[in-house]
Amino acid sequence: MYLPLFPKPFDGQISSEEFLSTSKELVKILDYFGKIFMTMKYDMQANIGILTEKFNENQHRYYTLQKLISVDKNSSNTTVSDALLWLGRSLHMVQTYFEYIVSDYESNKFIEDQTANFTMAYKNTLEPYQGYTAQQLFSLLMRTPPSRSQIIKGLANGYDIDQAIIMRSIAKFSRRLKENICILKTLYNEHSL
């Protein structure tokens, strides 16, 4: 089983290279979730591409996400900041969903229908920032969400792995991603994003 770990923050900073690399790996994992994350996956890939392109212009200068978005600070072009903002929001939804599935497991709730968890994660993260069309698309995609078993089997790469091991891995992934999201939120506030 492989869930990539987001970088361990250092002095309130996040490594651009590690963050972008891990985000790319996570996008691949979203395939296990079926159509529910289809549009989000494409948005994430586009935002990762924008951030990676800017990072590759000067990897030494933009070694942290904080340095990376400082490019937009004195510019009317906020492409890089917007890409990080939307990537962070999407990652927050994934993290929140994983937090819910771990919480259910710890409460001995083995609910196959994940509609409620996906919907709560969406409402608490992305919905406030998306327009009517995106909200309607999410509602449409929610008609056929993957089951809990499908997600667990996907995360286990089809192998028969003890659920406790999978849940520990998801919990560790979720905690580390949450650390990164908290720093991103602070960064957004500092830069009025």
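It should be noted that the structure appears before, not after, this text.
Residues numbered from 1 in each chain as written. Predicted model: local features only at pLDDT ≥ 70, side-chain atom pairs only at ≥ 80, totals over all residues. Heavy atoms only, no water.

**Brief notes about the overall build of the protein chain**
Okay, step 1: Tallying secondary structure elements over the protein chain gives eight helices and zero strands in all.
Okay, step 2: Its helices and strands taken in sequence order, the protein chain reads α-α-α-α-α-α-α-α from the N to the C terminus.
Okay, step 3: Once the C-alpha set of the protein chain is aligned to its principal axes, its extents read approximately 50 × 35 × 25 Å.
Okay, step 4: Classification of the 193 residues of the protein chain by burial places 47% in the buried group.
Okay, step 5: For the protein chain, the share of sequence-separated contacts (at least 6 apart) that also reach a separation of at least 24 residues comes to 75%.
Okay, step 6: Taken together, the 21 basic and 20 acidic charged side chains of the protein chain have centroids lying 1 Å from each other. (Helix = DSSP H or I, 4+ residues; strand = E, 2+ residues; numbered from the N terminus. Buried < 20%, exposed > 50% of the residue type's maximum accessible area, 1.4 Å probe, protein only. Contact = heavy atoms within 4.5 Å. Lys, Arg positive; Asp, Glu negative; His and termini not counted. Charge placed at Lys NZ, Arg CZ, Asp CG, Glu CD.)

**So, the pattern of salt bridges**
Okay, step 1: Summed over all chains, the structure comprises six salt bridges.
Okay, step 2: Its salt-bridge partner being Glu99, residue Lys178 comes within 3.1 Å of it at the nearest N-O pair. With Lys178 in helix α8 (residues 163–190) and Glu99 in helix α4 (residues 79–106), the pair connects residues that are 79 residues apart, well separated along the chain.
Okay, step 3: On the basis of relative accessibility, which here comes to 31%, the residue Glu99 falls in the partly exposed class.
Okay, step 4: Residues Glu179 and Arg176 are paired through a salt bridge, measuring 4.0 Å at the closest nitrogen-oxygen approach. In this pair, Glu179 and Arg176 both sit in helix α8, three residues apart, roughly one turn of the helix.
Okay, step 5: We classify Glu179 as partly exposed; its relative accessible area is 31%.
Okay, step 6: Each of Lys8, Arg176 and Glu179 takes part in salt bridges that share partners, so that together they form one network. (Salt bridge = Lys/Arg side-chain N within 4 Å of Asp/Glu carboxyl O.)

**A closer look at the packing of aromatic side chains**
Centre distance and the angle of the planes are the two values used to describe a pair of aromatic rings.
Okay, step 1: Within this structure, the stated rule accounts for six aromatic pairs.
Okay, step 2: When the ring of Phe98 is compared with that of Phe173, the centres are 5.4 Å apart and the planes differ by 80 degrees; the resulting orientation is edge-to-face. Taken together, the positions of Phe98 in helix α4 and Phe173 in helix α8 put the pair 75 residues apart, joining distant regions of the chain. The burial state of Phe98 is the same as that of Phe173; both residues are buried. (Phe/Tyr/Trp six-rings, centres within 6.5 Å; stacked < 30°, edge-to-face > 60°.)

**Structural notes on the packing of α4 against helix α5 (residues 115–125)**
Okay, step 1: Contact geometry for α4 and α5: axes closest at 9 Å, N-to-C directions at 140 degrees. Overall, the two elements α4 and α5 adopt an arrangement that is oblique. In this structure, the crossing between α4 and α5 has a hand that is right-handed. The residues of α5 that touch α4, namely those facing Arg89, His92, Met93, Thr96, Tyr97, Tyr100, Ile101 and Asp104, are Asn117, Phe118, Met120, Ala121, Tyr122, Asn124 and Thr125.
Okay, step 2: Each residue belonging to the contact of α4 with α5 can be placed in one class, and the counts come to eight nonpolar, five polar and two charged. (Axes fitted to C-alpha atoms, helices over the stretch in contact; angles between N-to-C directions. Parallel < 35°, antiparallel > 145°, perpendicular 65-115°, else oblique. Left-handed = near helix turned anticlockwise from the far one by under 90°. Nonpolar A, V, L, I, M, F, W, Y, C, P; charged D, E, K, R; others polar.)

**Thoughts on helix α7 (residues 148–155)**
Okay, step 1: Looking only at α7, the buried set comprises Arg148, Ile151, Ile152, Gly154 and Leu155. The buried side chains of α7 occupy one side of the element, clustering within an arc of 160 degrees when seen end-on.
Okay, step 2: Of the surrounding secondary structure, the elements contacted by the buried residues of α7 are α1 (16–29), α4, α5 and α8. (Arc of directions from axis to C-beta.)

**Regarding the side chain of Gln95**
Okay, step 1: Structurally, Gln95 can be placed in helix α4.
Okay, step 2: The exposure class of Gln95 is buried, given its relative accessible area of 2%.
Okay, step 3: Setting aside residues no more than four positions away along its own chain, Gln95 makes contact with Ser174, Leu177, Lys178 and Ile181.

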